[in-house]
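One-letter residues, chain by chain:
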Amino acid sequence: MTLARRLSDFDEDDVRVRPGRRGTRPRTRRRPAHEEAVTGLVLAVDRGRYRCLVDDRMVTAMRARELGRKGVVVGDRVFLVGDISGEPDALARIVRVQPRSSALRRTADDTDPFERIIVANADQLLIVTALADPEPRPRMIDRCLVAAYDAGLDPLLCLTKADLASPDELVAAYDPLGVPFVVTRRGGPADELLERLTGRMSVLVGHSGVGKSTLVNALVPDALRAVSHVNPVTGRGRHTSSSAIALELPDGGWIIDTPGVRSFGLAHVDPLNLIGAFPDLAEGAVRCPRGCSHLQPDCALDAWVAAGHADEARLDSLRRLLQAREGESD
């Protein structure tokens, strides 16, 4: 047999037909309509898996490829396809995220340009701080207020451990802002707090050790959130909540527990959004020079307050929040 074969020696079985690199199907920008998708509420996120409430059952889901880089967080209302039975081995896919009514954001610090959405669609921010053990951190409260005003959430201050210290001084500091507050004691009832949370989607924020998990266990007895103790040397608590989770309240509404934070970066906040939360001062701010930070000597708000159009304590509070946005939290 010769090494070379004549063309006539080949038949159709000897010919390899190479398919096109991407097939013959024309490319399209159209995405599946997923008309059969059902809606769900994201209650928890854990290592790429999303626990969603669909009707009256819990469904585990993953992100579909068509979502691209769009993130999914606790509180999101989503559309799901696939196996939505809720069985132990079932896995659905999140194909769309509904438009958000609000988004609570923070950055790692005040120089970080990348913001992170913590919770979506909440309407109330419950700022939890202890009156003692650990000591209150007003600068952290100020930063949480800035984040609430920026996100369009109603702030509610919850002062815990009133059996250890009086709340009067802290209440007086935030009275000019008109921030509502609730005072609780260890082992005491949480009826007043529950009344303010019922029917709303509230997110809890506070640094470690202030008693967030204790509050959650009082509000939702079957939540069984782990409770930590404050380190007597550092005065700080240990993170017991590793991720955000939404829990349904007995009489309606949701409470979203978040991990304890030790900093709350505000690099993403536009100062214009902050002053918008002070309507009595916003009108006077239009007289300020271009680019006014409201912290400089020629700020028109000083004259506005001197003329009696707004209370000086309100201006002091606004400037304290602006300084909190620009400085580091303690």
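Residues numbered from 1 in each chain as written. Predicted model: local features only at pLDDT ≥ 70, side-chain atom pairs only at ≥ 80, totals over all residues. Heavy atoms only, no water.

**Digging into the overall build of the chain**
Each helix and strand in the chain was counted, giving eight helices and 13 strands. Taking all 330 residues of the chain together, 45% fall into the buried category. Sequence separation of 24 or more characterises 66% of the internal contacts of the chain that already satisfy a separation of 6 or more. Accessible area for the chain stands at about 18900 Å²; split by element, carbon and sulfur atoms hold 49% of it. (Helix = DSSP H or I, 4+ residues; strand = E, 2+ residues; numbered from the N terminus. Buried < 20%, exposed > 50% of the residue type's maximum accessible area, 1.4 Å probe, protein only. Contact = heavy atoms within 4.5 Å. Areas by Shrake-Rupley, 256 points an atom, 1.4 Å probe, with all protein chains shown as cover.)

**So, helix α8 (residues 312–326)**
Given a rise of 1.5 Å per residue, 15 residues ought to cover 21 Å, and the 21 Å separating the end C-alpha atoms of α8 matches this to within 8%. Every buried residue belonging to α8 is among Arg-314, Leu-315, Ser-317, Leu-318, Arg-319, Leu-321, Leu-322, Ala-324 and Arg-325, and all of these are buried. Close packing links the buried residues of α8 with α1 (138–151), α5 (271–275), α6 (279–285) and α7 (301–306). Its side-chain oxygen 2.8 Å from the backbone nitrogen of Ala-313, Asp-311 forms the N-cap of α8. (Expected span 1.5 Å × (residues − 1). Polar contact = N/O pair within 3.5 Å; in protein donor to acceptor, adjacent residues only side chain to side chain.)

**Comments concerning α1**
If you check α1, its first and last C-alpha atoms are 20 Å apart, about what 14 residues at 1.5 Å a residue would give, namely 20 Å. Of all the 14 residues making up α1, twelve are buried; the element is thus mostly covered by neighbouring parts of the structure. Every buried residue of α1 is accounted for by Met-140, Ile-141, Asp-142, Arg-143, Cys-144, Leu-145, Val-146, Ala-147, Ala-148, Tyr-149, Asp-150 and Ala-151.

**Quick word on the pattern of salt bridges**
On inspection of all chains with the given rule, the structure shows eleven salt bridges. For the salt bridge of Asp-123 with Arg-200, the shortest nitrogen-to-oxygen distance reads 3.2 Å. With Asp-123 in the loop between β7 (115–120) and β8 (124–130) and Arg-200 in the loop between α3 (191–197) and β11 (201–205), this residue pair connects regions lying 77 residues apart in the sequence. Take Asp-123: its relative accessible area is 29%, and that puts it in the partly exposed class. The shortest N-O distance in the salt bridge between Arg-200 and Asp-154 comes to 2.6 Å. Pair noted here: Arg-200 is in the loop between α3 and β11 and Asp-154 is in strand β9 (residues 154–160), with a separation of 46 residues, a long-range link. Residue classification places Arg-200 among the partly exposed positions, given a relative accessible area of 24%. On the basis of relative accessible area, Asp-154 is assigned to the partly exposed category, the value being 37%. Among the ionic contacts, a cluster of salt bridges with common partners joins Asp-123, Asp-154 and Arg-200. (Salt bridge = Lys/Arg side-chain N within 4 Å of Asp/Glu carboxyl O.)

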